[in-house]
Amino acid sequence: MNDLQKDIFVGLLFVMGIFGFASGLFVASAVVFALSAIFSNMRFTQLN
């Protein structure tokens, strides 16, 4: 997964969290926000 794909994925998770929060799904939005935070801090590198 390159940087652009990771940024798009994190952005989509963040937007899903906002819509979930706005619709009243507070637990689900908290999980989605946590996933976006985890994926934004992950490093996808190969070990050689």
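Owing to the predicted nature of the structure, the values given are computational and were not obtained by experimental measurement. (Residues numbered from 1 in each chain as written. Predicted model: local features only at pLDDT ≥ 70, side-chain atom pairs only at ≥ 80, totals over all residues. Heavy atoms only, no water.)

Colleague: In this structure, what is going on with the packing of helix α1 (residues 3-22) against helix α2 (residues 26-41)? I would like to understand it.
Modeller: Relative orientation of the contacting elements α1 and α2 amounts to 160°, with a least axis distance of 8 Å. Considering the angle they form, α1 stands roughly antiparallel to α2. In this structure, α1 meets α2 at a crossing whose hand is left-handed. Where α1 approaches α2, its residues K6, F9, V10, L13, F14, M16, G17, I18, G20 and F21 are matched on the opposing element by F26, S29, V32, F33, L35, S36, F39 and S40. (Axes fitted to C-alpha atoms, helices over the stretch in contact; angles between N-to-C directions. Helix = DSSP H or I, 4+ residues; strand = E, 2+ residues; numbered from the N terminus. Parallel < 35°, antiparallel > 145°, perpendicular 65-115°, else oblique. Left-handed = near helix turned anticlockwise from the far one by under 90°. Contact = heavy atoms within 4.5 Å.)

Colleague: What is the right way to look at the packing of aromatic side chains in this model?
Modeller: Here the distance between the centres and the angle between the planes together describe a pair of aromatic rings. Taken as a whole, this structure holds three aromatic pairs when the rule is applied. Ring geometry for F9 against F39: centres 5.0 Å apart, planes inclined by 90°, an arrangement best described as edge-to-face. On the criterion of sequence distance, the pair formed by F9 in helix α1 and F39 in helix α2 is long-range, its members being 30 residues apart. On the basis of relative accessible area, F9 is assigned to the partly exposed category, the value being 33%. (Phe/Tyr/Trp six-rings, centres within 6.5 Å; stacked < 30°, edge-to-face > 60°. Buried < 20%, exposed > 50% of the residue type's maximum accessible area, 1.4 Å probe, protein only.)

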